[in-house]
Every structure is written in structure tokens, then in C-alpha cells.
Amino acid sequence: MVTRNGERQHFVLLSGYFDVMLTLRRTCVALGSAGLLLIVAACSSGSAQGATGVAVATTVVAGSTTSSVITTTTSTTTSTTTPTTTSTTTLVPTTSTTLPEVTPLMAPLVAVGRNDGLETARIQERLLELGFWLQLVDGDFGNTTKQAVMAFQKYVGLDPTAKVDQATADALTLATTRAIGQSTDSGTLVEIDKDKQVMFIMNSGKLLWAINISTGSGQYYLETNQKDLVTWETGRSLTPSGRFKINREKSDGWWDGDLGQIYRPKYFNGGIAIHGSMSIPKYPASHGCVRVSTQAMDMIWASGLLPKKTPVWVYGNDIEAEGEPPVVPTTTTTLPVDPSLTTTIAPA
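Parameters at a glance
Residues numbered from 1 in each chain as written. Predicted model: local features only at pLDDT ≥ 70, side-chain atom pairs only at ≥ 80, totals over all residues. Heavy atoms only, no water. Helix = DSSP H or I, 4+ residues; strand = E, 2+ residues; numbered from the N terminus. Buried < 20%, exposed > 50% of the residue type's maximum accessible area, 1.4 Å probe, protein only. Areas by Shrake-Rupley, 256 points an atom, 1.4 Å probe, with all protein chains shown as cover. Pairing = 2+ DSSP bridges. Axes fitted to C-alpha atoms, helices over the stretch in contact; angles between N-to-C directions. Polar contact = N/O pair within 3.5 Å; in protein donor to acceptor, adjacent residues only side chain to side chain. Contact = heavy atoms within 4.5 Å. Parallel < 35°, antiparallel > 145°, perpendicular 65-115°, else oblique. Nonpolar A, V, L, I, M, F, W, Y, C, P; charged D, E, K, R; others polar. Phe/Tyr/Trp six-rings, centres within 6.5 Å; stacked < 30°, edge-to-face > 60°. Lys NZ or Arg CZ within 6 Å of the ring centre and 35° of its normal.

> Tell me about the overall build of the chain, and please be specific about residues and values.
For the chain, the helix and strand inventory stands at 5 helices and 16 strands. The 348 residues of the chain split such that 36% are buried. Split by element, the accessible area of the chain, about 19,300 Å² in all, is 57% carbon and sulfur.

> Account for the sheet that holds strand 10 (residues 242–245), naming residues and giving values.
Across the sheet, which stays open at both edges, the 5 strands sit in the order 7-6-5-16-10 with mixed pairing between neighbours. In this open sheet, the two strands that pair with only one neighbour each are strand 7 (206–212) and strand 10. With direction set aside, neighbouring strand axes in the sheet form an average angle of 20 degrees. Relative to strand 16 (residues 311–315), strand 10 is paired through 4 bridges, and the arrangement is antiparallel. The partner of Arg 243 across the bridge, within strand 16, is Trp 313.

> Please set out the side chain of Thr 173 residue by residue, giving values where relevant.
Along the chain, Thr 173 turns up in helix 4 (residues 166–174). Note on Thr 173: relative accessible area 16%, which makes it buried. Polar contacts involving the side chain of Thr 173 include one to the main-chain amide nitrogen of Leu 109, which spans 2.9 Å. Beyond its immediate chain neighbours, meaning those up to four positions away, Thr 173 contacts Leu 105, Pro 108, Leu 109 and Arg 126.

> Explain the packing of helix 3 (residues 143–156) against helix 4 to me, using residue names and the numbers behind them.
At a closest axis distance of 11 Å, the pairing of helix 3 and helix 4 adopts a crossing angle of 80 degrees. With respect to helix 4, the axis of helix 3 lies roughly perpendicular. Residue-level contacts link Val 149, Phe 152 and Gln 153 of helix 3 to Thr 168, Ala 171 and Leu 172 of helix 4. Looking at the contact of helix 3 with helix 4, its residues break down into 4 nonpolar, 2 polar and no charged.

> How would you summarise the packing of aromatic side chains if you had to cite specific residues and measurements?
A complete count under the given rule lists 6 aromatic pairs for this structure. An angle of 55 degrees between the planes, with centres 4.7 Å apart, marks the rings of Trp 313 and Tyr 315 as tilted. The pair formed by Trp 313 and Tyr 315 is uniform in burial state, with each residue classed as buried. Seen from the ring of Trp 313, Arg 243 lies directly overhead, with NZ or CZ sitting 4.1 Å from the centre. Looking at Lys 250, its charged tip hangs above the ring of Trp 255, at a distance of 4.4 Å from the centre.

> Please set out the environment of Tyr 267 residue by residue, giving values where relevant.
Take Tyr 267: it is sitting in strand 13 (residues 260–269). Residues Tyr 267 and Glu 249, spaced 18 residues apart in sequence, show a C-alpha to C-alpha distance of 5.8 Å. In this structure, Tyr 267 is in contact with Lys 245, Ile 246, Asn 247, Arg 248, Glu 249, Ile 262, Ile 272 and Ala 273, ignoring residues within four places of it in sequence.

> Any chance you could break down the pairing of strand 5 (residues 188–193) for me, citing the residues and the numbers?
Most of strand 5 is tucked away, with 5 of its 6 residues classed as buried. Pairing analysis gives 6 bridges linking strand 5 to strand 6 (residues 198–203), with the strands arranged antiparallel. When the bridges of strand 6 are listed, Leu 189 appears paired with Met 202. Counting the residues between successive antiparallel strands, the hairpin from strand 5 to strand 6 contains 4 residues, one of them, Gln 197, with a positive phi of roughly 60 degrees. Pairing of strand 5 with strand 16 involves 4 bridges; the strand directions are parallel. Within strand 16, the position partnered with Asp 193 by the bridge is Tyr 315.

Set out below in C-alpha cells:
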């Protein structure tokens, strides 16, 4: 198991890598725009009389580049009496270049299925750029890559097979924006979208990460308590909608819950928690908790993204229950008969 310090270092390095890549891409576009404007300004100055000064101002603000070119032309008129000097300032229209939130790909992505290789590494990089968390860009189509592919497929409305078919490859290639939730609240907030079955970790209206989840199945259940085998647990598997806050947590490893084991849980509504699991299918399947992969749960703890008091917003529809609520079995106890204890009744 990776240590907590190792997890935190990996998370910081991964985030820094994509920050640098995005900055480099934006810088290239900004420099290209500024260079084009310099050429235009230079051509304009060649046809003017007198000295010409060119000033270029480039500003990059929140993903957009704005360049302004100001050309100043000075001309002198001479007469027999008094020399007159006039100055004319010509403003070249400001050109604003808005950079795409996601960089267009030079070559389309390939439908790799679940195969490993260089094309899978390109897909991993694209998923991270779109905001879908996975552990590492290494060309290995491992568990977190499957989870990220499934989350992307759920988000765009494709069949969540966790395989990169042609439709998925095309959707990844043509994407122009990062995934986004609904919240515009300031600070960090977790959205649990029960319709999409995706969790969005948001910060002031912008996505940090989108993660594949499985919430309550909506069905009735009747099971023995895993910590007390003579006790029955019954109810309906729901993840209630509403606004909550993370109020307790268990940081280390697996914990025994009443209905099974859960990994490093963060509770936000009674016994309902966001926790790691070995099974996150493409449909709602839990008793009510929000399941994520164990690797995603490790990332959440290592990054410190979701401390106590972090708001949790659960929304969406619940699946209709099938059948009737189960009835808790009646427990009867039969005592053994002691043959030495007999009663003889005399005839009347």
C-alpha cells in the first residue's frame, strides 16, 4: 500500500504536471496572437510618413489572451513663417483571443477497448484534462482508468461499459470543456448526482475532479447484521437527497459496518458515507452509501480535499423499489426435552 506521504506527493506532482502543460499550451497561443498583431502593425507603419512607434500590450486573464497594438505617427509641416507639428494617433482594433478550456487534439483518439499502450496513455491524459480522476498516465488500462472511462461515459450519456469503443473515443476527441456540476457556491463542495452516478468535487463553481460512484439501489433489503449475526437489518436502499456536511470519518483501512466492510469512510448523513469499495458497478447498487474506488478514496484523504464540515449536496432521482417490504422472520427457540423429567398421570 502506498504511504500517505507518497500519496500526497503523487497527487501534487500529477496536478503540477497538468498545470504546466496547460500553461505551455496557452502561452503558445498567446505568443502566436501577439506575433500576428506585430506583423499587422509593422505593415501599417510602412505606409505612414515620419517616425512611427509601436506598442504591444498582452494580457492573459483566466484562460483568455488580449493583445492591443497602438501605432503613433508624427508628421511635420514646414512654412515660411512658423513651423507646425501635428501628431496623429491611430488605434488598431483590440483583438481578443479566447483560449479553449480544453486543447483540441491534433490527432483523434483511438478505440483501444481495455488494451494497454501509448494510445491508452493519450486517453488517460485526455480524461485528466477533462476533469475525470485517474491515478497515473502510464498506458496501463487499470482500475482507475476503467473508473474514469465509466464516469466520462455516464457524464456524456454513453453506455458505461468502462471500455473505450469508437463512440467513446470520438466523444473524448471532440470534447471542448471540462466536466462540471451544478454548484456555484464559494469554497469546496461535493455534489452527488444520482441520475448520472457521478460525484463532482467543486470549488467555487469550478470542477476539481469528477469520480465514478454507485449510490443506493432503491430496493428493499433484509440482511443479518454483520457485527451481530442474530440481529436483522431491514429497510430500503436509499441515498437521501438534500444538503449535508461531512461530520465524522475513519482514516485507516477497512471498517466493519452493520451491512458490510467500508474503506476509509467520510460520513455526512447518519450512517451514510462516501467510502471506498471493491465494487462500483455502472448502476446504483449500495445500501445507501456513496461508493468510490479505494484508490479514489486514498486520493481524497491524501489531498485533504474533503475535511470535516465540507458541504455535501445530494440530488437526483431514486430507482423505484420492486416488490413489497420484507418481513423480519420471527425467531422461535425450541428447548431440548430432558427424558429424566417425566410426568405420570394416574388413570381416573
